[in-house]
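Spelled out, the chains give:
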Amino acid sequence: MGNLRQGNRLIRWDACLSDLLNLTEEQRFRLLVSAVTDYAIYMLDPEGNIATWNPGAQRFKGYTAEEIIGQHFSRFFTPGDAAAGLPQLALDTALKEGRFEAEGWRLRKDGTRFWVNAVIDPIFAEDGSHLGFAKITRDITEKKLAEDELQSTQEALAQSQKLQALGELTGGVAHDFNNLMTVIAGASDFLLKHPDLPLEKRQRYLEAIAETTDRATNLTNHLLAFGRRQALKPAVLDLNVRLDAFAEMIGRMLGSPIKVRLSLQANHALVEVDPTQLETALLNAALNARDAMEGEGELVLGTADCNLDDQPAVCIIVQDNGPGISDDVLSRVFEPFFTTKEIGKGTGLGLSQVHGFAAQAGGRAEIGSSEGEGTTLRIYLPRTGKPIQETEQTVDAGALPDGLRVLLVEDNAQVRDFAAQLLKDLHCKVTTAREGRGALELLRVEPVDLVFSDVVMPGMGGIELARTIEAERPGIPVLLATGYSAELLGKSDNNFTVVSKPYDATMLGRAISIMLHKRQAAGQPA
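1. Considerations on the pairing of strand 10 (residues 297-308)
Right, on to step 1. Judged by how many residues are buried, strand 10 sits mostly within the fold: 9 of 12 residues are covered.
Right, on to step 2. When strand 8 (residues 258-264) meets strand 10, the two strands line up parallel, connected through 7 bridges. Bridge pairing in strand 10 links V260 to L299.
Right, on to step 3. Taken together, the 10 bridges between strand 10 and strand 11 (residues 311-320) define a ladder with antiparallel strand orientation.

Right, here's the structure in full:
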């Protein structure tokens, strides 16, 4: 038999084993419990009073056996936890479920706190009667503090990354908008300084302003889509049908060196999304794939049935056989203004628009790639059970009733003056208000056929104003103007038609015509 060292003494192992075997089972158990100093191991009676105490409990709770035996174990809990009834809940849970385990703050004799992992097991006699509880508590304060420090570091890092991304975003926006404003400001200034400019040259400058304005609108739409705040006009679409039509169009756009192949595998492909944003997302994805393949390769457009958060969904698949994307770039592809293209050849907003569109539609976008094996973009969209609606009948934007009385509500003076002039050009009679409360006052004294209001205003906003009018004056339709959509999504009331900013006379006239047409079709006064 071997030897066992105890301090400076060598003890024969067989002698130790003989001594242990001569002890009763209870004596051996007491010896084991008293030798443990890293755990508090003690027993409670059925009411939760402490019945035994070991050196480990004394070491990190601070009480001697004489001080604590007979006391209720709730004295170790913080005042808040004790008042909330957690001690009794722990006993009840252990008795009902056979075990209770939890982590939490406890109090030492000197009042300091420490973080523990506590386990409570019920103890029963051979006849099934309840004798009490066995409780084991471990001090894991160091582990808790280390975890808290790690979490704090991760949160600080995440915040730093957010600030860095925000800085890149604002810098990118400023750069792109400065370029656009250079064209608009330069052309406008030249026209103002040269009133006698020949018609042909004047037309070129005006076209440059209009084209640049469209580009600015597209830029803000990309940003709003990334921020999930773009105004949407959702409709029920069959993705198989849409992708079939889109493949033909994108095939002509990309050119013959790139082969477009369809793989429409979804059996249930109905989704409710904004058609324009869907096509923009598909176009952005296809153009990114084209650039990745450097003008030659195969682009696969497909659909598949899938699940999104355990709900039935449809997956759009855009796959290329290009060189793939490295891991460091792949982690940033959805960031706004992030691009690997040469300066002037990409805005870095294409895939961020895809990400924003998917999120705003209630889905998500994911991308996977390996260098040398191509890239696959997946857009997951919730499936809808709604039927496809018939195409809305075209309404003549110029067919407005002559002398339509419109109450215009807009807090921005320049926008208010501009919108008022557009309405007058559409042969409307215009009354203006600067905010919602003032608009309600005017409604009580002025005859009004229609209210045209901005959504975001100080005080009473457009949504609250529209709902108040709906309740107090249900016969008056409300047209809302916004570049946002968070509060309007899902609002289906016929009185709440939305026109997206920026708008022109054609868009505004058409929005009013459609709204009046719908009310007439529903038998409501226009």
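Having seen the structure, we can now continue with the description.
2. Regarding the packing of aromatic side chains
Right, on to step 1. Tallying each qualifying case throughout the model produces 9 aromatic pairs.
Right, on to step 2. Look at Y63 and F76: their rings are 6.0 Å apart centre to centre, the planes differ by 55 degrees, and that puts the pair in the tilted class. A residue pair is termed long-range when its members are at least 10 positions apart, and Y63 in the loop between helix 3 (55-61) and helix 4 (65-68) and F76 in the loop between helix 4 and helix 5 (79-83) qualify at 13 residues.
Right, on to step 3. Of the residues examined, F76 reaches a relative accessible area of 1% and is grouped as buried.
Right, on to step 4. Seen in terms of ring centroids, F73 and F77 are 5.5 Å apart; in terms of plane orientation they differ by 85 degrees. Their pairing is edge-to-face. Judged on exposure class, the residue F73 and its partner F77 are both buried.
Right, on to step 5. Ring pairing ties together the aromatic residues Y42, W53, Y63 and F76, which thus form one cluster.
Right, on to step 6. Taking the ring centre of Y380 as reference, the NZ or CZ of R364 above it sits at 5.1 Å.

3. Here's the deal with the sheet that holds strand 11
Right, on to step 1. Ordered in space as 8-10-11-13-12, the 5 strands form an open sheet in which the pairing is mixed. Because the sheet does not close on itself, it has two edges, and the strands there are strand 8 and strand 12 (364-369). Pairwise comparison of adjacent strand axes, ignoring direction, gives a mean angle of 20 degrees for this sheet.
Right, on to step 2. Inspection of the sheet shows strand 11 paired to strand 13 (residues 375-382) by 8 bridges, in the antiparallel sense. Bridging across to strand 13, D320 finds its partner in T375.
Right, on to step 3. Against the sheet, helix 10 (residues 275-292) contacts strand 8, strand 10, strand 11 and strand 13, and its axis sits at roughly 35 degrees relative to strand 11.

4. Thoughts on the pattern of salt bridges
Right, on to step 1. Summed over all chains, the structure comprises 17 salt bridges.
Right, on to step 2. Note that E298 and R261 form a salt bridge whose closest N and O atoms lie 3.3 Å from each other. In this pair, E298 sits in strand 10 while R261 sits in strand 8, placing the two residues 37 residues apart along the sequence.
Right, on to step 3. Among the ionic pairs, R437 bridges to E464, the shortest N-O distance being 3.9 Å. Of this pair, R437 sits in helix 14 (residues 436-443) while E464 sits in helix 15 (residues 462-472), placing them 27 residues apart in sequence.
Right, on to step 4. By relative accessible area, E464 is classed as partly exposed at 39%.
Right, on to step 5. Salt bridges sharing common partners tie together R99, E101 and D121.

Analysis parameters
Residues numbered from 1 in each chain as written. Predicted model: local features only at pLDDT ≥ 70, side-chain atom pairs only at ≥ 80, totals over all residues. Heavy atoms only, no water. Buried < 20%, exposed > 50% of the residue type's maximum accessible area, 1.4 Å probe, protein only. Helix = DSSP H or I, 4+ residues; strand = E, 2+ residues; numbered from the N terminus. Pairing = 2+ DSSP bridges. Phe/Tyr/Trp six-rings, centres within 6.5 Å; stacked < 30°, edge-to-face > 60°. Lys NZ or Arg CZ within 6 Å of the ring centre and 35° of its normal. Axes fitted to C-alpha atoms, helices over the stretch in contact; angles between N-to-C directions. Contact = heavy atoms within 4.5 Å. Salt bridge = Lys/Arg side-chain N within 4 Å of Asp/Glu carboxyl O.

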